[in-house]
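Here's the letter readout for the chains.
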Protein chains: 2
Amino acid sequence: MKNGHIPRATIQRLAVYLQELEYLQRDGLEVISSEPLARACDVHASQIRKDLTYFGEFGVRGVGYSVSGLIDSLTKVLGIDRQWNCGLVGVGNLGKALLSHREFLERRFSVVAIFDSDPFRIGQTVMGLEVMDNNRIKEVVAGLGIRIGIITCPPERAQRAANHLIEAGIKGLLNYSPARISVPGDVVVEYLNFLHHFYSVAFHLSNRNR
Amino acid sequence: MKNGHIPRATIQRLAVYLQELEYLQRDGLEVISSEPLARACDVHASQIRKDLTYFGEFGVRGVGYSVSGLIDSLTKVLGIDRQWNCGLVGVGNLGKALLSHREFLERRFSVVAIFDSDPFRIGQTVMGLEVMDNNRIKEVVAGLGIRIGIITCPPERAQRAANHLIEAGIKGLLNYSPARISVPGDVVVEYLNFLHHFYSVAFHLSNRNR
């Protein structure tokens, strides 16, 4: 595996391939060639073949890829063949939406602790978890082996939430708040921007009507 | 403008450039060259220059791009220089989170009607809007000039929600539910997959520890 050099865009595509393959597996498909997989994923077949060679997956000429084999490889490459304990900071609507998102629950990303700074929320139970004070993040992260931090608090509190999580030793953050956060070089942050998807739809509708 | 042929990935990058430029403008920056903009956006400078030539934007050699000029151009290219009326189907936690998302509210994507099929929700007021029965979608979409449909209902109801919206004449959908939906060829669907971002963080953490 040469994944030290896999570009970010490739990772995103691998995630799409995985999702598509899982749909196909549910439909009972056992083998697929790159062309129909490419069509389902909305990319070129040559792109798929190139992406898969990153981690040494080659289809059999005239036969194609084993769906379950490819799912296993992608799961392994993406690092989702194990459980990831997550801590979530900010138990408002967005935090609750994430906690109850079905597809999320079925995966091995497990939110094992939830935090908030609002005294009215602390002590409440949400999806079976007690909302804890942000000042307990450090202690809880260590105790529960939390590796990923999810920031769902309002933007003005995002940096503070990030600081708490990073001080607790967390190296991977998902930031759902519309705020930029500063992190040390060894911490990965994924920004989830709702608006980008809206832009994309607006762009397509605009250009259709010209 | 040659935007009939702008690839999807470019649109996503343009959205990132726009966001970054807006941050820079808030910080008081008036002119920027492609190198620092590229660093801020985590892409190569040559990629930015290439992307911007799609719509005829050229920096001045030795000076750079006008931040406000580039913001105006990107806003226009992306079609977000006008208001887009949106209808949202599914007023659970996720729907509520979207309705109250601050950055979303500041943009010209305006959710003007919200729908649900749950009799307990119909008639309630959420963020100043009355929850209406899904069977009113067709009538309301036409009456309020709704162009974009947002699907935030549970996966098993996503296709039905999409059908309602498409029958009402909507050509652009954002699907937040973890379900695939079938649409006619002239309808654009953006899927918002929470998990892909988690995959990306998991990948980076996995490879760091090998």
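Residues numbered from 1 in each chain as written. Chains lettered and ligands numbered in written order. Predicted model: local features only at pLDDT ≥ 70, side-chain atom pairs only at ≥ 80, totals over all residues.

## Observations concerning the interface of chain A and chain B
The interface is formed by 51 residues belonging to chain A together with 51 residues belonging to chain B. The element contributing the most residues to the side of chain A that touches chain B is helix H9 (residues 194-208) of chain A, with 15 residues. (Contact = placed C-beta atoms within 7 Å. Helix = DSSP H or I, 4+ residues; strand = E, 2+ residues; numbered from the N terminus.)

## Some details on the sheet that holds strand E6 (residues 129-133) of chain B
Residue and element names in this part refer to chain B. Taken in spatial order, the seven strands of this open sheet run E5-E6-E4-E3-E7-E8-E9, and their pairing is mixed. Edge strands, defined here as strands with exactly one partner in the open sheet, are strand E5 (125-126) and strand E9 (188-191). Taken together, the four bridges between strand E8 (residues 172-175) and E9 define a ladder with parallel strand orientation. For Leu174, the partnering residue across the bridge sits in E9 and is Glu190. (Pairing = 2+ DSSP bridges.)

## A few points about the packing of helix H1 (residues 8-26) of chain B against helix H2 (residues 34-41) of chain B
Residues and elements named next belong to chain B. One can describe the packing of H1 onto H2 by two numbers: an axis separation of 10 Å at closest approach and a directional angle of 105°. Our classification of the angle between H1 and H2 gives roughly perpendicular. When H1 is examined against H2, the residues Val16, Tyr17 and Glu20 are found in contact with a partner set consisting of Leu37, Ala40 and Cys41. A class-by-class count of the residues in the contact of H1 with H2 yields five nonpolar, no polar and one charged. (Axes fitted to C-alpha atoms, helices over the stretch in contact; angles between N-to-C directions. Parallel < 35°, antiparallel > 145°, perpendicular 65-115°, else oblique. Nonpolar A, V, L, I, M, F, W, Y, C, P; charged D, E, K, R; others polar.)

## Regarding the domain arrangement of chain A
How big an interface is tends to be expressed through the accessible area that disappears when the partners come together. For chain A, the assigned domains read domain 1 (3-76) and domain 2 (84-195). Of note, the centres of domain 1 of chain A and domain 2 of chain A, computed from C-alpha atoms alone, are 31 Å apart. (Domains from an automatic or database assignment.)

## A look at the relation of the copies chain A and chain B
Placing chain A over chain B gives an RMSD of 0.0 Å and needs a rotation angle of 180°, together with 0.0 Å of translation along the axis. A rotation of that kind, with that shift, is consistent with a two-fold axis. Closest approach to the rotation axis within chain A is made by the C-alpha atom of Asn93(A), at a distance of 2.7 Å. Taken together, the interface assignments show that 100% of the residues at the interface of chain A recur at the interface of chain B, consistent with an identical surface on both copies. (Least-squares fit on C-alpha atoms with pLDDT ≥ 70 in both.)

## Thoughts on the sheet that holds strand E7 (residues 148-151) of chain A
All names here are of chain A. Taken together, the seven strands give an open sheet; going across it, the order is E5-E6-E4-E3-E7-E8-E9, and neighbouring strands pair in mixed fashion. Edge strands, defined here as strands with exactly one partner in the open sheet, are strand E5 (125-126) and strand E9 (188-191). Note that E7 and strand E8 (residues 172-175) share four bridges and pair parallel. Paired with Ile148 across the two strands is Gly172, which belongs to E8. Here helix H8 (residues 158-167) sits on the sheet in contact with strand E3 (84-89), E7 and E8, set at roughly 165° to E7.

## Things to note about unusual backbone geometry
Residue and element names in this part refer to chain A. With phi around 50°, Met127 is a residue other than glycine that occupies positive phi space. Residue position: Met127 is located in the loop between E5 and strand E6 (129-133). Residue class for Met127 comes out partly exposed when judged on the 13 C-beta atoms lying within 10 Å of it. (Buried ≥ 20, exposed ≤ 12 C-beta atoms within 10 Å, placed from the backbone.)

## Observations regarding the environment of Pro154(B)
Residues and elements named next belong to chain B. For Pro154, the position within the fold is in the loop between strand E7 (148-151) and helix H8 (158-167). The class for Pro154 is partly exposed, based on 17 C-beta atoms found within 10 Å. Sequence separation between Pro154 and Gly92 is 62 residues, and the spatial gap between their C-alpha atoms is 8.8 Å.

## Quick word on helix H3 (residues 45-53) of chain A
Residue and element names in this part refer to chain A. Every buried residue belonging to H3 is among Ile48, Asp51 and Leu52, and all of these are buried. One face of H3 carries all of its buried residues, which in axial projection span an arc of 95°. Away from its buried face by more than 90 degrees, H3 exposes Ser46 and Thr53. Contacts from the buried residues of H3 go to helix H1 (8-26) and helix H2 (34-41). (Arc of directions from axis to C-beta.)

## Let's talk about the nonpolar core
Formed by 108 residues in total, the largest nonpolar core has its most connected members in Leu78(A), Ile150(A), Ile151(A), Leu174(A), Leu78(B), Ile151(B) and Leu174(B). Contacts of Ile150(A), omitting those with residues within four sequence positions, involve Cys86(A), Gly87(A), Leu88(A), Val89(A), Leu98(A), Leu174(A) and Tyr176(A). (Core = buried A, V, L, I, M, F, W, Y, C linked by C-beta atoms within 7 Å.)

## Observations regarding the environment of Ala15(A)
Positionally, Ala15(A) belongs in helix H1. Residues Ala15(A) and Leu74(A), 59 residues apart in the sequence, show an inter-C-alpha distance of 7.9 Å. In this structure, Ala15(A) is in contact with Leu78(A), His196(B) and Tyr199(B), ignoring residues within four places of it in sequence.

## Description of the confidence of the model for chain A
Summary statistics for chain A give a mean pLDDT of 85 and a share of 91% for residues scoring 70 or more. Quick note on the complex model: pTM equals 0.76, ipTM equals 0.78. (pLDDT = per-residue confidence, 0-100.)

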